[in-house]
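# Chains, contacts and geometry: an overview
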Amino acid sequence: MGTGRKRRLHFSKIYSFKCGKNRFDDDHSQIGGPGFSRVVYCNETGVSEAATQNYVDNYVRSTKYTPMTFIPKSLFEQFRRVANFYFLVTGILSFTALAPYSAVSAILPLIVVIGATMVKEFIEDWQRQQQDHEVNNRKVKVHRGGGVFESREWKTLRVGDVVKVVKDEFFPSDLLLLSSSYEDAVCYVETMNLDGETNLKLKQSLDATSMINDDSNFNTFRATVKCEDPNASLYTFVGTMEYQEQQYALSPQQLLLRDSKLRNTDYIYGVVIFTGHDTKVIQNSTDAPSKRSGIEKRMDNIIYFLFFILFLIAFLGSIYFGIVTKNDLDGDRMKRWYLRPDDSDIFFDPKRAPAAAIYHFLTALLLYTYLIPISLYVSIEIVKVLQTIFINNDIHMYYEEADKPAHARTSNITEELGQIDTILSDKTGTLTCNSMEFIKCSIAGTAYGRGVTEVERAMAKKTGSPLIVNGRALEDDDDDDDSGLAVKGYNFEDERIANGYWLLEPRSDVIQKFFRLLAICHTAIPDVDEETGKVSYEAESPDEAAFVIAARELGFEFYKRTQTTVSFMELDPMSKKKVERTYELLNVLEFNSARKRMSVIVRDEFGKLLLLCKGADSVMFDRLAKNGRQFEENTKEHVNEYADAGLRTLILAYRELNEEEYKEFNEKFIEAKNSVSEDREDLIDATTEEIEKDLILLGATAVEDKLQKGVPECIDKLAQAGIKIWVLTGDKMETAINIGFACSLLRQGMKQIIITLESPEIISAEKSGDKDVISKLSKENVKKQILAGKAQLTSSSSDPYALIIDGKSLAYALHDDIKNTFLELAVACASVICCRSSPKQKALVTRLVKEGTGKTTLAIGDGANDVGMLQEADIGIGISGVEGMQAVMSSDIAIAQFRFLERLLLVHGHWCYRRISSMICYFFYKNIVFGTTVFLYEAYASFSGQPAYNDWYLALYNVFFTSLPAIALGVFDQDVSARFCLKFPLLYQEGVQNTLFRWRRIFGWMLNGLASGVIIFFLCTRALDPESYRKNGKTAGMEVVGATIYTCVVWVVNCQMALAVSYFTLIQHVFIWGGIILWYLFLLAYGAMPTSISTTAYNVFLETLAPAPSYWFVTFYVVIATLIPYYCYKAVQMRFFPAYHGMIQWIRYEGHTDDPEYVNMVRQRSIRTTTVGFTARSIARDNNLYHLNLERQASKS
């Protein structure tokens, strides 16, 4: 059954809709060529041609594994790590006679570690599989033949199927729109899942298919679509439809993308073009960025170093063993008689000493595996996942207004959050709200609007002069919060043109044309509330919404759009009454980043043809006619003033067209629109260039994009932490500079190095038009300015400098022969602002900083133009703002507001860096302690391959007795609280300078482990041998000595953890002391097993160790003696040579938190001088006053 259709006028001339009405022009076709080979037989699933198309089905799988590939692929992933592969080899060798321990005890720890990681992978993949199952089993109505539609699962769809989607349903695949519930076959689509944008997009089918509006009509529907092959471009589509023996050109306007939603439309019919993994959204999707931190890379180097040590001691021990074995038989005298060298196998045969040495080398490789921490990798993965959970659940980074918490999309780089040296930030939507307010305008050379911007406030503070607004001085603490605005997007105050008073202005005719242009030249869709009659707008950008709202508030209310008309209400100058104006809408020449303007061509009520245009000043002034420059000088002056106030400006102009000129243009425009080729957009741009000229200037608009809440304070804290901040923006230089002042990136007294290509020499060369000459001169000019800037820095190195460079200059500064010089200059400056930057330039600058400095970089942005920058940086932070979700989907971590960056870096970053660094050092420490005792005992046993410990003691050391305290350290430890992290931001420099994971500290922990192992071994062996161990005079055997040494090792490494922890929690107490208790419980349980299982550990604790006082005394004595060196070292360091975090701990310990003088003294111990932020600004101002007072006193004396 069909449903009734909504009646609406046609839209087919708006945007690229016009191509829907025109036949296809073969001259421009590339269909059938490379990249355009897809053929879709619509509604012909049973036909042989359709059956032969080998296109993918609509089943979507986002999982990493399948049931068949999980085990082999997961195992391959695990054994790609060199440490795991080594343990696999040693596990295999443990089944041979070479092994000094049983095979089961060697394999079990590896199974536990690999199994834990595989379980984690399985759980993550299972969650993805559940999501896939839910999506693939959604239902949609599909034409089964005979005009009957039935519900089928998404996964069963095939290319060419005709589907019916109803309101508020998602599109199951990429569909070609055939018709809709509206008469003109338009529909409204929400693309939030694709790009995060909430405004609705308008789509329209071909006129040829728009009348197929009922289920029964599809019984006879047949068509063939030839189009582009599957690709990742969301916003392009090239194809043709052959229907009823005619060909029609297809455009993105007919394509409905999978995962977008049908809104405000009862139903649509569509044919499946791309399915499953061929759909554009799936083609466009990317996994969370896979990045490895510097600490992990260094950790790999440490493991390689330990492998080298392992092979070295095994090699040296084997040489010694071979020599001793060769000399075991001296005639009839046997030196090591207990080995029976006269009747031994190859392992101890003096006659085959070289072979025995080689076999011993392999045995030693198996025995010394305990130098390598088998559970390190899996422990780090667990810790990082838990750290990201803490980040995601931090209530202080939750943005309640938008209901958005922080979201870490990857756990690989949490510790790098504590090592950021340079932040590269977008401006619009990142530092600012991207919520535009119409605040000022210039019309006919007269400036209107009395509002005060945040930048003007900041500038007034900078100069110390009061702001005069409406006849009174505005105080610093006056509330300028825009939450009290009566109309969102409108903050305009000027009685001269408000409330119809514009009629009394000298150039009221120009004012009328100005606001008419704002009411007509846009792509907004009006929505009239039937109850209240109020009009709201769905606009493609915040700027556009602000313009139509401003026009409405000032008396030019756009309220209706049809396919061919735009209607608005305005005040009639003659009757002084509101009248309705309806203009015929002929063409929309859309905005793009290359054109930097948009235009509409309309016919007014008197039949006059008008081209209305708005765009950036950089392109608009060049397009003015000679007789259209009447207000140019004043307008330019106002635009510069608006830029100084931090406002975004657009120039408004128009021209009248004659019929012949328009007819010629329209033919070319239609031809360009209907072309089906890769250069379609270039053809359209070339056509519009010809008509957007000889314009008459009307004026300029100025909208304010307010700073986000807390941005100046956040930048100030980050600057105090020693982090360098670069701003990469597409705004004009003046706007960017003044936003810099508003957020304290720039301040009074900071010298500016400005690199621009606005010199007379360059301007005259540009007028000549010789591109080679322009390029050569520009490059030389930029290089000259960079070298001059470096010379300026060298001459006064003590003064803070800011580098400001525009997009044209930046293009040359990034050339291979200049970029290193440019980087040297930029790094030496306190602030860097790159203006008019393209997305590619943002990515190139980020790469230059990352590779050129070798330091950790962080990029932060909110829009699609920031994606390259985010992926290029070591860490990409996406702002989940109003510009869509492209940046978030390409980021490592998403936050809702820039100000949350302060806590993310200074608190979580510092903690994560410290925890991971300390945890890795501790892992190597505990393994070196254990490995040292194993090595010394084997040396003590004449390198015979005899282990000191029972097989299961060896196997469970890393997995059960010592790993959990290290994990607790990595998750919970805090050297200082979050409050102190924010109060003393310079603490962050410990991570930037990598003080906690430099080679000196790593080798310090290794030396500590070596010393602890030596002390434990020799004190235990000397205390237990050759003295009698029990009252009956028995001496300690190997099993007693081994168990005693092992007990001391477990106590020492856990007590060492207790000494290293700065912040105890209940979990840490449980893990540290529980690890020791677990050892004793294991001795009891394992010793109670039959001798075939427990072997040398049979009842060793109950019958031998526990009854002997010497065991308890030796344990206590050895543990204390082993820990004393570390304790003394830490005590001396903390008391006399405290690190920066140590000084802060003393403040907390001694109760100086409320002593401002003492706290300030600690703060002054800066690692680097702060030159950016409002704190630096106030310090500089105080210093200036101090020097001024000194000068005054000197002049008086």
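This text goes with the structure placed above it.
Throughout this document, residue positions are counted from 1 along each chain, in the order its sequence is written. Confidence filtering applies because this is a predicted model: local features only for residues at pLDDT of at least 70, side-chain atom pairs given and counted only at 80 or more, and all residues used for totals across whole chains, interfaces and linings. Calculated side-chain values reflect all of the structure's heavy atoms, with hydrogen atoms and water omitted.

## Structural notes on the pairing of strand β9 (residues 239-243)
Accessible area is worked out with a 1.4 Å probe on protein chains only. A residue is then buried under 20% of its type maximum, exposed over 50%, and partly exposed in between. Helix numbers and strand numbers start at the N terminus; a helix is a DSSP run of H or I with at least 4 residues, a strand a run of E with at least 2. β9 sits mainly inside the fold: four of its five residues count as buried. Two strands form a pair only when DSSP identifies at least two bridges running between them. Strand direction decides the pairing type here: strand β8 (residues 223-227) and β9, joined by four bridges, are antiparallel. The residue of β9 that forms the bridge with valine 225 is methionine 241. What sits between the antiparallel neighbours β9 and strand β10 (residues 246-250) is a turn of two residues, in which glutamine 244 has the positive phi angle 55°.

## Concerning the pattern of salt bridges
Here, a salt bridge means any side-chain nitrogen of Lys or Arg that lies within 4 Å of a carboxyl oxygen of Asp or Glu. Enumeration according to the criterion identifies 48 salt bridges in this entry. A salt bridge links arginine 648 to aspartate 543, with the nearest nitrogen and oxygen atoms 3.3 Å apart. Placement of the pair is arginine 648 in strand β29 (residues 647-657) and aspartate 543 in helix α12 (residues 542-553), with a sequence separation of 105 residues. Using a relative accessible area of 22% as the deciding quantity, one classes arginine 648 as partly exposed. Linked by salt bridges that have partners in common, Arg516, Glu570, Asp572, Arg581 and Glu605 make up one network.

## Topic: helix α23 (residues 839-853)
Every α-helix carries 3.6 residues per turn, so stepping three or four residues along brings you back to the same face. For α23, spanning 15 residues, the distance from its first C-alpha to its last is 21 Å, which sits close to the expected 21 Å at 1.5 Å a residue. For α23, every residue scored as buried is listed here: Gln841, Lys842, Ala843, Val845, Thr846, Leu848 and Val849. Two residues qualify as a contact provided that any one of their heavy atoms is within 4.5 Å of a heavy atom in the partner residue. Tucked into the core, α23 has its buried residues touching β17 (420-425), β31 (724-728), α21 (807-813), α22 (819-828), β35 (856-861) and α24 (867-872). After α23 finishes, the residue glycine 854 shows a positive phi value of roughly 70°. A helix's residues, less one, multiplied by 1.5 Å, set its expected span.

## Side note on the sheet that holds strand β11 (residues 255-256)
Taken in spatial order, the six strands line up as β3-β2-β4-β13-β5-β11 in an open sheet, and their pairing is antiparallel. Each edge of the open sheet is held by one strand with a lone partner, namely β3 (148-153) and β11. Two strands pair when backbone bridges link them, and strand β5 (residues 174-180) and β11 are joined in this way by two bridges, in the antiparallel orientation. Counted as the bridge partner of leucine 176 is leucine 255 from β11.

## Concerning the packing of helix α7 (residues 294-326) against helix α31 (residues 999-1024)
Here an angle of 0 to 180 degrees is reported between the N-to-C directions of two axes, which are lines fitted to C-alpha atoms, with helices fitted over the stretch in contact. With their axes 12 Å apart at the nearest point, α7 and α31 run at an angle of 40° to one another. Between α7 and α31, the angle is such that the two are oblique. Between α7 and α31 the crossing geometry is right-handed. Across from Arg298, Asn301, Ile302, Phe305 and Leu306 in α7, the residues of α31 making contact are Trp999, Ile1002, Phe1003 and Met1006. Put simply, Ala, Val, Leu, Ile, Met, Phe, Trp, Tyr, Cys and Pro go in the nonpolar bin, Asp, Glu, Lys and Arg in the charged bin, and everything else, Gly too, in the polar bin. Residue classes in the contact of α7 with α31 are distributed as seven nonpolar, one polar and one charged. Note on terminology: angles under 35 degrees are roughly parallel, angles over 145 are roughly antiparallel, angles of 65 to 115 are roughly perpendicular, and the others are oblique. By definition, any crossing whose near helix is turned counterclockwise from its far helix by less than a right angle is left-handed, and any crossing with a clockwise turn is right-handed.

## Things to note about the sheet that holds strand β32 (residues 751-755)
Across the sheet, which stays open at both edges, the nine strands sit in the order β16-β37-β36-β35-β17-β31-β34-β33-β32 with mixed pairing between neighbours. Both outer strands of the open sheet, β16 (407-408) and β32, are each paired with one neighbouring strand and no more. Note: β31 against strand β34 (residues 831-834), four bridges, orientation parallel. Within β34, the residue paired with isoleucine 725 across the bridge is serine 831. Each of β32, β33 (801-805) and β34 touches helix α18 (residues 733-742); the most contacted strand, β32, lies at about 155° to it.

## Remarks on the packing of aromatic side chains
Any two of the Phe, Tyr and Trp rings considered here, Trp counted by its six-membered ring, make a pair once their centres fall within 6.5 Å; the pair's planes then place it as stacked at under 30 degrees, edge-to-face at over 60, or tilted in between. Scanning the entire structure with this criterion turns up 57 aromatic pairs. Ring geometry for phenylalanine 70 and phenylalanine 122: centres 5.7 Å apart, planes at 75°, overall edge-to-face. Remark: phenylalanine 122 occurs in helix α4 (residues 103-136) and phenylalanine 70 occurs in helix α2 (residues 70-79); sequence separation between them is 52 residues. Overall, phenylalanine 70 belongs to the buried group, its relative accessible area being 15%. A residue is classified by how much of its surface remains accessible, and phenylalanine 122, at 44% relative accessible area, is partly exposed. Ring centres of tyrosine 953 and tryptophan 1079 lie 5.1 Å apart, and the angle between their planes is 85°; this geometry places the pair in the edge-to-face category. Taken together, the residues span a long stretch of sequence, with tyrosine 953 in helix α27 (residues 951-961) and tryptophan 1079 in helix α33 (residues 1066-1087) at a distance of 126 residues. Both residues of the pair, tyrosine 953 and tryptophan 1079, count as buried. Charges are assigned to positions over rings by a cutoff of 6 Å between ring centre and Lys NZ or Arg CZ, combined with an angular limit of 35 degrees from the ring normal. Geometry around tyrosine 55 places arginine 38 over its ring, the cationic atom sitting 4.0 Å from the centre.

## Observations regarding empty space enclosed by the protein
Space left empty within the atom packing is revealed by a probe, the size of a water molecule, rolled over the atoms. The way it works is a 1 Å grid over only the protein atoms, where trapped points that fit a 1.4 Å probe form a cavity and open points with protein on both sides within 12 Å along at least five of seven lines form a pocket, and then any residue with an atom within 4 Å of a point lines it. Grid points are joined across faces, edges and corners, and a volume is the space filled by probe spheres set on the points. All told, the structure shown has three cavities of 30 Å³ or more when counted by the stated rule. In this structure, the largest cavity spans a volume of roughly 150 Å³. Phe87, Ala106, Thr369, Tyr370 and Ile374 are the residues nearest the centre of the largest cavity, which is lined by 14 residues in total. Looking at the lining of the largest cavity, the elements with two or more residues in it are α3 (82-93), α4 and α27. Of all the elements, α4 adds the most residues to the lining of the largest cavity, at four residues.

## Comments concerning the packing of α3 against α7
α7 packs onto α3 with a crossing angle of 35° between their chain directions and a minimal axis gap of 10 Å. Across from Val82, Ala83 and Tyr86 in α3, the residues of α7 making contact are Ile303, Tyr304, Phe307 and Leu310.

## Section: the nonpolar core
Across soluble globular proteins, you tend to see nonpolar side chains buried next to one another. One finds Tyr949, Tyr953 and Trp1079 to be the most contacted residues of the largest nonpolar core, which totals 109 residues. Among the elements that make up this core, the one with the highest residue count is helix α26 (residues 900-940) (15 residues). For tyrosine 953, the contacting residues outside a window of four places in its chain are Phe930, Ala1043, Tyr1046, Trp1079, Phe1082, Leu1083, Tyr1086, Ala1097 and Val1100. Residues belong to one nonpolar core when they are buried, are Ala, Val, Leu, Ile, Met, Phe, Trp, Tyr or Cys, and are joined through side-chain atoms within 4.5 Å.

## Focus on the side chain of serine 567
For serine 567, the position within the fold is in strand β25 (residues 565-571). Serine 567 sits in the buried class, given a relative accessible area of 2%. Sequence-distant contacts of serine 567, defined by excluding residues within four places in its chain, comprise Glu557, Phe558, Tyr559, Lys560, Glu580, Arg581 and Thr582.

## A word on the environment of glutamate 296
Relative to the elements of secondary structure, glutamate 296 occurs in helix α7. It is 9.6 Å that separates the C-alpha atoms of glutamate 296 and tyrosine 377, two residues lying 81 residues apart in sequence. In contact with glutamate 296, other than residues within four places in its own chain, are Lys384, Asn412 and Glu415. We define a polar contact as two N or O atoms separated by no more than 3.5 Å, with the added condition that, inside protein, one atom must be a possible hydrogen donor and the other a possible acceptor, whereas residues neighbouring each other in sequence contribute only through side-chain atom pairs. Only 2.5 Å separates the side chain of glutamate 296 from the side chain of lysine 384, close enough to count as a polar contact.

## A closer look at the pairing of strand β27 (residues 597-603)
Along any regular strand the residues' side chains alternate between the sheet's two faces. A large share of β27 lies buried, amounting to six of its seven residues. Bridge analysis of strand β26 (residues 578-589) against β27 gives five bridges, and the strand direction is antiparallel. The residue of β27 that forms the bridge with leucine 589 is serine 599. Two strands pair when backbone bridges link them, and β27 and strand β28 (residues 609-615) are joined in this way by seven bridges, in the antiparallel orientation. Bridge assignment links valine 600 to a residue of β28, and that residue is leucine 612.

## A look at a negative patch on the surface
Every patch collects residues that have over 30% relative accessible area and no salt bridge, joining them within 9 Å if they carry like charges and within 5 Å if they are nonpolar side chains (Val, Leu, Ile, Met, Phe, Trp, Tyr). Only the protein chains shown count as cover for residues, and the accessible areas themselves come from Shrake-Rupley with a 1.4 Å probe. Positive charges come from Lys and Arg, negative ones from Asp and Glu, while His and the chain ends are left out of the count. A charged residue contributes its charge at one atom only: NZ of Lys, CZ of Arg, CG of Asp or CD of Glu. A cluster of like negative charges, contributed by Asp527, Asp529, Glu530, Glu531 and Glu538, occupies part of the molecular surface. With respect to the helices and strands, aspartate 529 occurs in the loop between β22 (525-528) and β23 (535-538).

## Observations regarding the environment of isoleucine 895
You can see isoleucine 895 is positioned in strand β37 (residues 893-895). In this structure isoleucine 895 comes out as buried when scored by relative accessible area, which is 0%. Considering only alpha carbons, one finds isoleucine 895 and glycine 878, 17 residues apart in sequence, at a separation of 6.3 Å. Setting aside its immediate chain neighbours within four residues, isoleucine 895 contacts Ala406, Ile860, Ile877, Gly878, Ile879, Ser880, Phe900, Leu901 and Leu904.

## Let's talk about helix α36 (residues 1109-1136)
Along its 28 residues, α36 runs 40 Å from first to last C-alpha, staying within 8% of the 40 Å computed at 1.5 Å per residue. What we call the bend at a residue is the angle made by axes fitted to the seven residues finishing there and the seven residues starting there. Along its length, α36 reaches its greatest deviation from straightness, about 35°, at isoleucine 1124, and the proline proline 1125 lies no more than four positions downstream. Taken as a whole, α36 has its buried residues at Tyr1111, Val1114, Thr1115, Val1118, Val1119, Thr1122, Leu1123 and Tyr1126. In the core, the buried residues of α36 are packed alongside α31, α32 (1038-1060), α33 and α35 (1100-1105).

## Comments concerning the environment of arginine 836
Locating arginine 836 in the fold gives a position in the loop between β34 and α23. Residues arginine 836 and isoleucine 805, spaced 31 residues apart in sequence, show a C-alpha to C-alpha distance of 8.8 Å. In this view, arginine 836 contacts Asp617, Ser618, Thr729, Gly730, Asp731, Lys732, Gly807 and Gln841; residues no more than four positions away in its chain are not counted.

## Considering unusual backbone geometry
The backbone of asparagine 499 shows a phi angle near 55°, a positive value even though the residue is not glycine. Inspection of the secondary structure puts asparagine 499 in the loop between β21 (472-474) and α11 (508-520). For asparagine 499, a relative accessible area of 71% gives the class exposed. With a phi close to 55°, asparagine 994 is a non-glycine residue in the positive phi region. Mapped onto the fold, asparagine 994 is located in the loop between α30 (989-992) and α31.

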